[in-house]
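# Secondary and tertiary structure notes
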Amino acid sequence: MSAPTLRAPELLLPAGSLAKMRAAYDFGADAVYAGQPRYSLRARKNEFRLEQIAQGIEEAHARDKKFFVTSNLIAHNDKVRTYLRDIQPVVELRPDALIMADAGLIMQVLDHMERGLFPKVPIHLSVQANTTNWAAVKFWQKVGVERIILSRELSLDEVEAIRNECPDMEIEVFVHGALCIAYSGRCLLSGYFNRRDPNQGTCTNACRWEYSTQGAREDSPSGEAIPVGKLDADFNFAEAQSEAESTFSTCGGGQRHPAADQVYFLEEKARPGELMPIMEDEHGTYILNSKDLRAVEHVERLARIGVDSLKIEGRTKSLYYVARTAQVYRRAIDDAVAGRPFNPELLLELEGLANRGYTSGLLERRPAQDYQNYINGSSELHRSHFVGEVTAVRDDGWAQVQVKNRFAVGDRIELVHPQGNQIFELQAMQNLEGEPIAVAPGDPFCVWLPLGPSAAGGLLARLL
């Protein structure tokens, strides 16, 4: 008897702009999600106003694709007051779903749909609702929610258990992108430092900032902690990792590290003299800086579990990020459905994106320090650098390229294209006047390159 056919999960990509939406579709996405500006967690960098949402929905449906609108903030009273007024024109555009998190807002929207005041649109429960068990899934299903975006804090086994307990409910899982240091979206650091609340869409990513660590001693009369100076920066990370593996357990049962009862101070780089006491064993600089999620190697398992949608984070990321992740995860899904083994080259291709190091997060049980990047809070390039976007192609095969970052004749370039990628050494380049040049200095420069007639819609990356 042949094995049952594996159903392909939906591939869901972020759309921070119409251009990124189109790239997501071109490179393999089945659906995109875009934020309603005042009511999503990407309120600051968001091209989508009502006009762009309408255009996005129209273009998506013309391509037989889906377009979801994210409206997932945790509302305070002032936004509850205005929400129904502001969401009504969005609902009337008939997006394929609203992604929501706030129970009160969900109740109001579903009530309006039931009473015929709004057209009926599916509600997907945002990851911000932190759904971690099958009983919560059943609750939301009873309320009228049609899909649950499961919490990032679940293991593969837990996802499978939820699927088994809730076989008739759509479930969605994040497979790539930035991770929060707290339960998804529940961090308070940004609000504390900048009065920009992550739950209101204005997170400043304070968990990525640089912190130095200072030792402390307890003042005998008062019991307060007194700073005694910065810790030795020459720290042996390999030794710390070995020690952590032998003395810590993230799930309990391990012995307590002797340094766990000591007091330390954190000092953020841009706030010298503002010392914050902490009570934990700290062995690095970016102690709150999670590595980025990458679960491409688990796509086959997630498809076999029966997950309905695989989601990629990154509405503020670049066009290149959207195209590359869509392409890689599309290939992973297609390989899984076809029964082909996992292609490790996909891991290498994702190294072409700026990242903070990769982890599979809590999908797998790993030592605690594996989740954290202790060295650097910013994303780093490891394999390639996005350098240009093809905007036009002449009949002679020369392509006009909008330069994004510096590159030069002689560089090894990868043409990232929906029809397949090519790597070549750049032999020639012209400015817009047709004159030979050797270097494209960066944005907003435009150049002509001999890429061939099929290069339209492609992106260029310089291999490092």
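Below, the structure is looked at part by part. The structure displayed is predicted, hence computed values, not measured ones.

## Topic: the overall build of the protein chain
- If you tally the helices and strands in the protein chain, you get eleven helices and 22 strands.
- By residue count, 51% of the 464 residues in the protein chain fall in the buried class.
- Counting every atom, the protein chain has about 21600 Å² of accessible surface; 49% of that belongs to carbon and sulfur.

## Let's talk about the nonpolar core
- Core analysis: the largest hydrophobic core is formed by 82 residues, its most contacted members being Phe67, Ile87, Leu98, Val109, Ile123, Leu150 and Tyr329.
- Top contributing element to this core by residue count: helix α10 (residues 319-338), with eleven residues.
- Each residue touching Phe67, except ones within four places of it in the same chain, is listed here: Met21, Tyr25, Val32, Ala34, Phe48, Ile53, Gly56, Ile57, Ala60, Pro95, Asp96 and Ala97.
- Listed in part, the 16 residues of the second largest apolar core include Val387, Ala399, Leu451 and Ala455.

## What about helix α2 (residues 50-62)?
- If you check α2, its first and last C-alpha atoms are 18 Å apart, about what 13 residues at 1.5 Å a residue would give, namely 18 Å.
- Those residues of α2 lying buried are Gln52, Ile53, Gly56, Ile57 and Ala60. Projected down its long axis, α2 shows its buried positions confined to an angular sector of 135°, all on one face. Those residues of α2 that are exposed and angled more than 90 degrees off the buried face are Glu51, Glu58 and Ala62.
- Each element contacted by the buried residues of α2 is listed here: α1 (18-26) and β3 (66-70).

## As for the pairing of β3
- Where burial is concerned, most of β3 is hidden: four out of the five residues are buried.
- Here strand β2 (residues 31-35) runs beside β3; their pairing, made up of five bridges, is parallel. By the bridge assignment for β3, Val32 is matched with Phe67.
- The sheet contact formed by β3 and strand β4 (residues 97-100) spans three bridges and is parallel.

Calculation rules
- Residues numbered from 1 in each chain as written.
- Predicted model: local features only at pLDDT ≥ 70, side-chain atom pairs only at ≥ 80, totals over all residues.
- Heavy atoms only, no water.
- Helix = DSSP H or I, 4+ residues; strand = E, 2+ residues; numbered from the N terminus.
- Buried < 20%, exposed > 50% of the residue type's maximum accessible area, 1.4 Å probe, protein only.
- Areas by Shrake-Rupley, 256 points an atom, 1.4 Å probe, with all protein chains shown as cover.
- Core = buried A, V, L, I, M, F, W, Y, C linked by side-chain atoms within 4.5 Å.
- Contact = heavy atoms within 4.5 Å.
- Expected span 1.5 Å × (residues − 1).
- Arc of directions from axis to C-beta.
- Pairing = 2+ DSSP bridges.

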